[in-house]
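Single-letter residue listing:
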Amino acid sequence: MAHNNNLKFDSICVHGGIGDYEFGPVVPPIYQTSTFRFKDSAHGAALFKGEVDGYIYTRMKNPTIEAMENAVAQLEGGFKGLGCASGMAAVNTVLTTLLKSGDHIVCSRSVYGPTRTLVETVLSKFGVESTFVNSENFNEIESAFKPNTTVLYLETPGNPTLSITDIETAVKFAHDKNALVVIDNTFMSPALQQPFKFGVDVILHSMTKFLNGHADVVGGVVVVRDQEMYLKMRKVLNQLGGVIDPFNSFLVHRGLKTLSLRMKKHTENSLPVAELLEKHPKVKWVRYPGLKSHPQYELGLKQHKAFGGMISFELNGGYKAGEILMNSVKFCQLAVSLGGVETLIQHPASMTHLTMGKEAREEAGITDGLVRLSVGIEDVTDIIADLEQALQKITD
Ligand SMILES: *Cc1c(COP(=O)(O)O)cnc(C)c1O
C-alpha cells in the first residue's frame, strides 16, 4: 500500500504510509523503543554506512514515525515527510536548514505569532534579515525582495485574518529570483489546499491542528519534493533533535484516516455559521473564504477544494464585546488552538495576540473586537444556538 501513488485522496487518508509488519497488523504497530538491536557488528556497520535499510535509533528513524511521515507526504503529493515534535519544531527545522547568515527572508505578516518571533528574535541573532509583508498584495512581496532574498515564507489563509495569498503568482516571482517558497499549510490541510500543485518547494504543518484533528497531540511535519532537500532537512532535524515520538505519530496517523471526512464536515458547518454571523447586528464583518463577501473569494475558489473550518469576525462593541462573548459561550470551548473536532472560540486581542501590543496588532489587521472561531464537526444547530445566546449578552 505504502508505495501505491495512484490512489485517490480519500483512500490515501485510510491506507497511506502503512507498511508490512510482522504478524500482518492493518495499522502500524507502536514501536515504543529508543533503540534497535543489530544482528552483529557487520550489520551495525552496514546500517551506519547506509548500505542496508533498517533502524538504528529512534531520533534518526522509527517505523511508526516513518509510516505517518509517508502518509502525510502522499497526501501532499510530496516525496517524503519529516515528523517534528511540534509545528514550531517544523518551522525551525525548515528555516534553519534553508537560511544562513547574510540571507534575507520575506514573510507573510499574518503568520503564526511564534513564527514571526523566531524569525525576528532568534534568526536575526545569526545574521538573517527579514521583511514582513501583506502577502495577499503581490506588490508588497515584489517590493520586499532584495538581492539576498533566498526564502519566501507564506501562510495562507492568514492567521487570524483569513486573507488569501495567490500562491501561484508568488511562486513564479520567487523562483524567477532564485528564492525558495515555503508554505505553512496548517489552516487548510492537504484535503483542501495542495501547494505543491502551485510549485511550492517546502510545505509544513502544525499537525496539532487539522491533521491530527482530535486536540490530543502536539506535533508538526515538513514535506519536501525530492531526495536532495529531504537529506538536507533530515540532517538538521536529526541534529537539532526536535523529532516527534512514536506514540504521537501513531495518534496522528490514526487521525489522518478521517481527515477528508472531517474537512468536509468542518466546511459544511462553517458556511451557515458564517452566514448567521454576517447577518447579526452585533457583528461588523465576517471573514470566511466561503462567503461571497470575502475580498478574495475568487482566488479562494481557485486555490481551495473547499473552504475549511476557520472563521474570523469583528464585533461592533470592540474589546469589551469580545470579553463578554468569551464569557458567555457555553457549548463552544473557550480555548486557543484550532482544527479539532470540537468548536473552539478565542479573542486574539486578549489572548493569542495580547503580548504583541495594540499597534503591531492593528498593523497585522487584528482589531480589538476580532474573534476567531474554529468550527468543529458537531451538529451545527448546537453551535449556532450557542453563538446566538452569547451574542445576545452583548448589550451595547
Ligand atoms: C499552531 C500553529 C503553528 C505552531 O504549531 P505548534 O504545534 O503549536 O507548535 C504553526 N502554524 C500555524 C498556522 C498554527 O496554527
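About the thresholds
Residues numbered from 1 in each chain as written. Predicted model: local features only at pLDDT ≥ 70, side-chain atom pairs only at ≥ 80, totals over all residues. Heavy atoms only, no water. 1 Å grid on protein atoms, 1.4 Å probe; cavity = no way out; pocket = protein on both sides within 12 Å on 5 of 7 lines; lining within 4 Å. Points joined across faces, edges and corners; volume = space filled by probe spheres on them. Helix = DSSP H or I, 4+ residues; strand = E, 2+ residues; numbered from the N terminus. Nonpolar A, V, L, I, M, F, W, Y, C, P; charged D, E, K, R; others polar. Core = buried A, V, L, I, M, F, W, Y, C linked by side-chain atoms within 4.5 Å. Buried < 20%, exposed > 50% of the residue type's maximum accessible area, 1.4 Å probe, protein only. Domains from an automatic or database assignment. Contact = heavy atoms within 4.5 Å. Near = heavy atom within 4 Å. Polar contact = N/O pair within 3.5 Å; in protein donor to acceptor, adjacent residues only side chain to side chain. Expected span 1.5 Å × (residues − 1). Arc of directions from axis to C-beta. Pairing = 2+ DSSP bridges. Axes fitted to C-alpha atoms, helices over the stretch in contact; angles between N-to-C directions. Buried area = accessible area lost by both parts, 1.4 Å probe. Salt bridge = Lys/Arg side-chain N within 4 Å of Asp/Glu carboxyl O.

Novice: Is there a simple way to think about the layout of surface pockets in this case?
Specialist: Where empty space is left in the structure can be found by rolling a water-sized probe over the atoms. Put simply, the largest pocket is a space of about 1,300 Å³. Taken together, 46 residues line the largest pocket, and the ones lying closest to its centre are Asp-53, Lys-61, Glu-66, Lys-80 and Tyr-230. Put simply, the parts of the chain that give the lining of the largest pocket at least two residues each are α2 (41-49), α3 (63-76), β1 (80-84) and α8 (227-240). Here the residues of the lining of the largest pocket sort into 20 nonpolar, 17 polar and 9 charged. Its boundaries defined by the atoms lining it, the second largest pocket holds a volume of some 470 Å³. Looking at the second largest pocket, it is lined by 24 residues, and the ones nearest its centre are Tyr-112, Gly-113, Pro-114, Thr-352 and His-353. Listing elements by their share of the lining of the second largest pocket, those giving two or more residues are α5 (113-122) and α13 (358-363). For the lining of the second largest pocket, the element with the most residues is α5, which contributes 5 residues. Tallied by class, the residues present in the lining of the second largest pocket amount to 10 nonpolar, 8 polar and 6 charged.

Novice: What's the story with the nonpolar core in this structure? I'm lost.
Specialist: Generally speaking, soluble globular proteins have nonpolar side chains that are buried together. Counting residues in hydrophobic clusters, the biggest one holds 48 residues, and the most contacted among them are Val-72, Ile-141, Phe-145, Leu-152, Met-207 and Leu-259. Top element by residues in this core is α3. It accounts for 6 residues. Here this core gathers at least three residues from each of two domains, domain 1 (9-256) and domain 2 (261-392). With sequence-adjacent residues up to four places away left out, Leu-259 is seen in contact with Phe-9, Cys-13, Leu-75, Ser-189, Pro-190, Ala-191, Phe-210 and Leu-211.

Novice: Explain the site of the ligand to me, please; I cannot follow it from the model alone.
Specialist: Neighbouring the ligand are 13 residues, the closest being Gly-87, Asp-184, Ser-206, Thr-208 and Lys-209. A distance of 2.9 Å is found between an oxygen atom of the ligand and a backbone nitrogen or oxygen belonging to Met-88. Measuring from an oxygen atom of the ligand, one finds a side-chain N or O atom of Thr-208 at 2.7 Å.

Novice: Teacher, can you tell me more about helix α14 (residues 380-392) here?
Specialist: Spacing of three or four residues puts side chains on the same side of an α-helix, whose turn is 3.6 residues. With 13 residues, α14 extends 18 Å between its outermost C-alpha atoms, agreeing within 8% with the 18 Å of an ideal straight helix rising 1.5 Å per residue. Those residues of α14 not exposed but buried are Val-380, Ile-383, Ile-384, Asp-386, Leu-387, Ala-390 and Leu-391. Along the axis of α14, the buried positions cluster into a sector of 165°, meaning they face one direction only. Among the exposed residues of α14, those oriented more than 90 degrees off its buried face are Thr-381 and Gln-392.

Novice: Whenever I open this one, the sheet that holds strand β7 (residues 220-224) confuses me. Can you help?
Specialist: Paired through their backbone hydrogen bonds, the strands of a sheet run either parallel or antiparallel. The mixed open sheet is built from 7 strands, whose spatial order is β1-β7-β6-β5-β4-β2-β3. Sheet topology places β1 and β3 (129-133) at the edges, where each strand pairs with a single neighbour. Each strand of the sheet is rotated relative to its neighbour by a mean of 20°, with strand direction disregarded. As defined by bridge partners, strand β6 (residues 202-206) adjoins β7 across 5 bridges and the pair is classed as antiparallel. By the bridge assignment, Val-202 is partnered in β7 with Val-224. Strand contacts of helix α4 (residues 87-98): β1, β2 (104-108), β4 (149-155), β5 (180-184), β6 and β7, with the helix running at about 155° to β6, the strand carrying the most contacts. Helix α7 (residues 167-176) contacts β4 and β5 of the sheet and is inclined by roughly 150° relative to β5.

Novice: Sorry, what's going on with unusual backbone geometry here?
Specialist: Backbone geometry follows two general trends: most residues other than glycine have a negative phi, and most peptide bonds adopt the trans configuration. In this chain, Thr-156 is followed by Pro-157 through a cis amide linkage whose omega measures -5°. Note that Pro-157 resides in the loop between β4 and α7. The omega torsion across Asn-159 and Pro-160 is -5°, close enough to zero to call that bond cis. Positionally, Pro-160 belongs in the loop between β4 and α7. With phi around 70°, Ser-189 is a residue other than glycine that occupies positive phi space. One can find Ser-189 in the loop between β5 and β6. In this structure, Ser-337 is a non-glycine residue whose phi angle is positive, near 80°. Looking at the element boundaries, Ser-337 is found in the loop between β10 (333-334) and β11 (344-346). Its relative accessible area of 29% is what places Ser-337 among the partly exposed residues.

Novice: Help me understand the domain arrangement of the protein, please; the structure alone is not making it clear to me.
Specialist: A common way to express how large an interface is: the accessible area buried when the components associate. One can read the domain layout of the protein as domain 1 (9-256) and domain 2 (261-392). Domain 1 and domain 2 are separated by 27 Å when their C-alpha centres are compared. Between domain 1 and domain 2, the residue contacts involve 33 residues of the former and 36 residues of the latter. Contact between domain 1 and domain 2 buries roughly 2,800 Å² in total, counting both sides, with carbon and sulfur atoms accounting for 60%. Its largest share of buried area at the contact with domain 2, domain 1 owes to Ile-164, Leu-192 and Phe-210, together 26% of the area lost on that side. The interface formed by domain 1 and domain 2 includes 4 salt bridges. When the shortest N-O distance is used, the salt bridge between Asp-10 and Lys-264 registers 3.5 Å. In this assembly, domain 1 and domain 2 are joined by 13 residue pairs in polar contact (both at pLDDT 80 or more). Looking at the side of domain 1 that touches domain 2, the elements with two or more residues in it are α7 and α9 (246-256). In terms of residue class, the side of domain 1 that touches domain 2 is made up of 14 nonpolar, 12 polar and 7 charged.

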